[in-house]
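Residue strings, one per chain:
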Amino acid sequence: MRTATIERNTKETKISMTLELDGSGKADIATGIGFFDHMLESFARHGFFDLSLKVAGDLQVDTHHTIEDVGIVLGRAIREAVGEKKGICRYGSKILPMDEALLLCALDLCGRPYLVYDLKLAREYVGSLETEMIREFFYAVSYAGEMNLHIKQLSGDNAHHIIEGAFKAFAKALDEATRIDGRIEGVLSTKGSL
């Protein structure tokens, strides 16, 4: 079982997460931000990850600390759950439609963090989630997870559809990248390590 349990407690947030890469898409999530919960549930369901997440954050300030810190914890959980990365496909990509929106996500679990983010979100909020926090979330995931992550909007106008499409595309790309391929001996790298 490729599983990680991470706890992170600061003066701003208290987070407990368990991630199972080889799950069935079950999610038990409570961040206090309804739309964010919905996005993380979509991530779990469409990536076939089992994800349990409990957060007590300083939402009286705003959503920033909660969303960024969840990204940090999710990145760490991904990194821990893949372990030494032996036998994994390493790369994953998905072009995913969500009504009028079309999203691309490509990633490499290479150990070198980098984010390329190109979403055009015209609304300031979706529900109680500040749309500028989507970039902060994926930035935190990419750096804590030590992955090269590209998220690009190819078309779309509706912020809900664009964001949801990005989370689902990320889930599908990560599912592909973490898959075990029996042809791979050790890690998929000419250097011999990732």
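About the criteria used
Residues numbered from 1 in each chain as written. Predicted model: local features only at pLDDT ≥ 70, side-chain atom pairs only at ≥ 80, totals over all residues. Heavy atoms only, no water. Pairing = 2+ DSSP bridges. Helix = DSSP H or I, 4+ residues; strand = E, 2+ residues; numbered from the N terminus. Axes fitted to C-alpha atoms, helices over the stretch in contact; angles between N-to-C directions. Parallel < 35°, antiparallel > 145°, perpendicular 65-115°, else oblique. Left-handed = near helix turned anticlockwise from the far one by under 90°. Contact = heavy atoms within 4.5 Å. Nonpolar A, V, L, I, M, F, W, Y, C, P; charged D, E, K, R; others polar. Salt bridge = Lys/Arg side-chain N within 4 Å of Asp/Glu carboxyl O. Buried < 20%, exposed > 50% of the residue type's maximum accessible area, 1.4 Å probe, protein only.

Undergrad: Before we go on, may I ask you to explain the sheet that holds strand E6 (residues 101-108) in this structure?
TA: Strand-to-strand pairing in sheets goes through backbone hydrogen bonds, with the strands running parallel or antiparallel. Strand order in the open sheet made by the four strands is E5-E6-E10-E7, with mixed pairing throughout. Strands with a single pairing partner mark the edges of an open sheet, and in this sheet they are strand E5 (91-98) and strand E7 (114-118). Averaged over neighbouring strand pairs, the angle between their axes works out to 10° when direction is ignored. Judged from the seven bridges that link them, E6 and strand E10 (residues 148-155) form a sheet pairing that is antiparallel.

Undergrad: I tried to follow the packing of helix H3 (residues 133-144) against helix H4 (residues 159-178) on my own but got confused; where do I start?
TA: Any two packed helices are characterised by the angle at which their axes cross and by the distance between the axes. Following both chains from N to C, one finds H3 and H4 inclined at 10°, their axes separated by 12 Å at the closest point. The angle between H3 and H4 falls in the class roughly parallel. Viewed along their axes, H3 and H4 form a crossing whose handedness is left-handed. Taking contact as the criterion, the partners of Ile134, Phe137, Phe138 and Val141 in H3 are, on H4, Ile163, Ala166, Phe167 and Phe170. Along the lines of polarity and charge, the residues of the contact of H3 with H4 split into eight nonpolar, no polar and no charged.

Undergrad: When you look at the pattern of salt bridges in this model, what are you seeing that I'm missing?
TA: Opposite charge on two side chains makes pairing possible when the charged atoms of those side chains draw close. Counting across every chain of the model gives 11 salt bridges. Note that Lys120 is salt-bridged to Asp118, the shortest N-O span being 3.0 Å. Residue Lys120 is classed as exposed on the basis of its relative accessible area, which comes to 52%. For Asp118, a relative accessible area of 24% puts it in the partly exposed group. Each of Asp118, Lys120 and Lys152 takes part in one network of salt bridges that share partners.

Undergrad: Any chance you could explain the packing of helix H1 (residues 34-47) against H4 here in plain terms?
TA: Packing of H1 against H4 leaves a shortest axis separation of 8 Å and a crossing angle of 35°. Handedness of the crossing formed by H1 with H4: right-handed. Taken together, the residues of H4 that come into contact with H1 (itself represented by Phe35, Phe36, His38, Met39, Leu40, Ser42, Phe43, His46 and Gly47) are His160, Ile163, Glu164, Phe167, Lys168, Phe170, Ala171, Lys172, Leu174 and Asp175. For the contact of H1 with H4, the class distribution of residues is 10 nonpolar, five polar and four charged.

Undergrad: Got a minute to help me understand unusual backbone geometry in this structure?
TA: Backbone phi values are negative for most residues with the exception of glycine, while trans is the configuration of most peptide bonds. Positive phi outside glycine occurs at Asp99, with the angle close to 55°. Of note, Asp99 is situated in the loop between E5 and E6. Taking the relative accessible area as the measure of exposure, Asp99 reaches 63% and is therefore exposed. Although it is not a glycine, Glu146 sits at a positive phi angle of roughly 50°. Residue Glu146 is classed as partly exposed on the basis of its relative accessible area of 30%.

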